[in-house]
Amino acid sequence: MGRNLERFTTDSGNAALVALALALAAGGAQAQPAWKPDRPIELIATNAPGGGSDRILRLITKILQERRYVPTPVAVVNRPGGGTSVAYNYLNQHAGNGHYLVLGSRSFLTNHITGHGPSYTEFTPVVRLFDEYIAVTVKPVSPIRSGKDLVSFMKRDPTAISFGIATSLGAPNHQGAATALKAAGVDIKKMKNVIFSSGGAATTALLGGHIDVVPISMGFASSLLRNGQVRIIAVAAPQRLPGLLKDVPTWKEQGVDAVVSQWRVLVGAKGLTAAQIAYWEGVFQRMMEAEDWKNELETNFWTANFQTSSETRKFLARDHEDAKAFLAELGLAR
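The structure presented is a predicted model; accordingly, all values stated were derived computationally and were not measured. (Residues numbered from 1 in each chain as written. Predicted model: local features only at pLDDT ≥ 70, side-chain atom pairs only at ≥ 80, totals over all residues. Heavy atoms only, no water.)

## What to know about helix α6 (residues 172–183)
In this model, α6 (twelve residues) spans 16 Å end to end at C-alpha, consistent with the 16 Å of a helix rising 1.5 Å per residue. The element α6 is largely enclosed, with a buried count of nine among its twelve residues. Along α6, the positions that sit buried rather than exposed are Pro 172, Asn 173, His 174, Gln 175, Gly 176, Ala 177, Ala 178, Ala 180 and Leu 181. Looking one or two residues beyond α6, the residue adopting positive phi is Gly 185, at roughly 95°. (Helix = DSSP H or I, 4+ residues; strand = E, 2+ residues; numbered from the N terminus. Expected span 1.5 Å × (residues − 1). Buried < 20%, exposed > 50% of the residue type's maximum accessible area, 1.4 Å probe, protein only.)

Below you can see the structure in the form of structure tokens.
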């Protein structure tokens, strides 16, 4: 009888401890409420109005507000300069604040590798949205009629052609031309590159006759092509793109193996909480399923490639190594 009572008392005590632990765990979970914005949101463009980052964020802002995916106003804030480092330094003035996001591209990595910006490890990756291939553009009246023409000119004199690059050397816009020229045997260290704060600024210089060639994102290039403002002489895609671009040859079709895409990620300041990250993952996952966003993907020749925060962090680590190798070849890695 005594042993049974002792066993019952011990078992009851264990059960009570288990119940207490479960209650504390439940209380802890309830002490971490879901986060949502309670003040205006800033979506930060790394370039000036008219550039790729700016254009994309204005499309995103329109969808977020029209569909009421967020409860507070959303504004695009342009922070050009320093090859995008100005935008990232501004972002990290708001550590732990989920109301500020930057739309990042590969220059997020390349600027740091070349010694001109902070490391991606100093920020909070939020989501990866999509990829887009790079187009090489000239004025419609340019004597450079094709990618083959460009290679021919550059082989004769690699300093004869000027390239408008947004927003830094080693970024996909630069690679969209340089990778193909390198594969064709051109000394790309001799390229005459002029750096601009945005694709829009580089294109303005092209249309004004100050620059010969501008490699830019496919979405921006296609809008210029529709308006008859540029000729696209090559696209750095694995195969021809449809619709408006069905007559534009790839670099591969013109004898050089070059496939280059620009990715777009949303990045928060350092110190974002798991609740803040989860909120934005949910918002942008919903946006990716919206018909008006899918229409934008198709219109701009973007390839959807949604990734969560943890997946985006792993992707950035891998691509950082690839970008470092490319820049080391140019003697730009520090």
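## Details of the packing of aromatic side chains
Counted according to the given criterion, the structure contains twelve aromatic pairs. Centroid distance Trp 35 to Tyr 279: 5.4 Å. Interplanar angle 85°. Geometry classified as edge-to-face. Residue Trp 35 is located in the loop between α1 (2–30) and β1 (41–45), and its partner Tyr 279 is located in helix α9 (residues 274–289); the two are separated by 244 residues in the primary sequence. Aromatic side chains Trp 293 and Trp 302 sit 5.7 Å apart centroid to centroid with 40° between the ring planes, which places their arrangement in the tilted category. For the pair shown, Trp 293 and Trp 302 are each scored as buried. (Phe/Tyr/Trp six-rings, centres within 6.5 Å; stacked < 30°, edge-to-face > 60°.)

## Some remarks on the nonpolar core
With 32 residues, the main nonpolar core has Ile 60, Leu 129, Trp 280, Phe 284 and Trp 293 as its most contacted residues. Broken down by secondary-structure element, the contributors of at least two residues to this core are β1, α2 (52–66), β2 (74–78), β3 (100–104), β4 (124–138), α9 and α10 (291–299). By residue number, the principal contributor to this core is α9, which donates seven residues. Not counting chain neighbours up to four residues away, the residues in contact with Ile 60 comprise Leu 43, Leu 129, Phe 284, Met 287 and Trp 293. Membership of the second largest hydrophobic core comes to 31 residues, among which are Ile 134, Ile 161, Leu 181 and Trp 251. (Core = buried A, V, L, I, M, F, W, Y, C linked by side-chain atoms within 4.5 Å. Contact = heavy atoms within 4.5 Å.)

## Structural notes on the confidence of the model for the chain
Per-residue confidence for the chain gives a mean pLDDT of 89, with 90% of residues at or over 70. Predicted confidence for residues 1–13 stays below pLDDT 50, and this span has zero contacts to residues more than four positions away or in other chains. In the model, residues 15–31 has pLDDT below 50 throughout and makes zero contacts with residues more than four positions away in sequence or in other chains. (pLDDT = per-residue confidence, 0-100.)

## As for α2
With 15 residues, α2 extends 22 Å between its outermost C-alpha atoms, agreeing within 8% with the 21 Å of an ideal straight helix rising 1.5 Å per residue. For α2, the full list of buried residues reads Gly 52, Ser 53, Asp 54, Ile 56, Leu 57, Ile 60, Thr 61, Ile 63 and Leu 64. One or two residues past the end of α2 sits Arg 68, with phi positive at roughly 55°.

## Let's talk about the side chain of Ser 198
Among the structural elements, Ser 198 can be located in the loop between β6 (192–196) and α7 (199–207). There is a polar contact of 3.4 Å between the side chain of Ser 198 and the backbone nitrogen of Gly 200. A distance of 3.0 Å separates a polar side-chain atom of Ser 198 from the backbone nitrogen of Ala 201. Discounting residues that sit within four places of it in the chain, Ser 198 has contacts with Asn 47, Ala 48, Gly 51, Ala 166 and Thr 167. (Polar contact = N/O pair within 3.5 Å; in protein donor to acceptor, adjacent residues only side chain to side chain.)

## So, the side chain of Thr 312
Mapped onto the elements of the fold, Thr 312 is located in helix α11 (residues 309–329). Overall, the relative accessible area of 0% leaves Thr 312 in the buried class.

## A closer look at the pattern of salt bridges
Side chains bearing opposite charge may pair, as long as their charged atoms lie close to each other. Under the counting rule described, the total for this entry stands at twelve salt bridges. Asp 54 is the salt-bridge partner of Arg 58, the closest N and O atoms lying 2.9 Å from each other. Of this pair, Arg 58 and Asp 54 both sit in helix α2, four residues apart, roughly one helical turn. You can call Arg 58 partly exposed: its relative accessible area is 40%. Two residues, Glu 329 and Lys 182, come together in a salt bridge whose shortest N-O distance is 2.9 Å. Pair noted here: Glu 329 is in helix α11 and Lys 182 is in helix α6, with a separation of 147 residues, a long-range link. Among the residues examined, Glu 329 registers a relative accessible area of 46% and is labelled partly exposed. Given the relative accessible area of 39%, Lys 182 is considered partly exposed. (Salt bridge = Lys/Arg side-chain N within 4 Å of Asp/Glu carboxyl O.)

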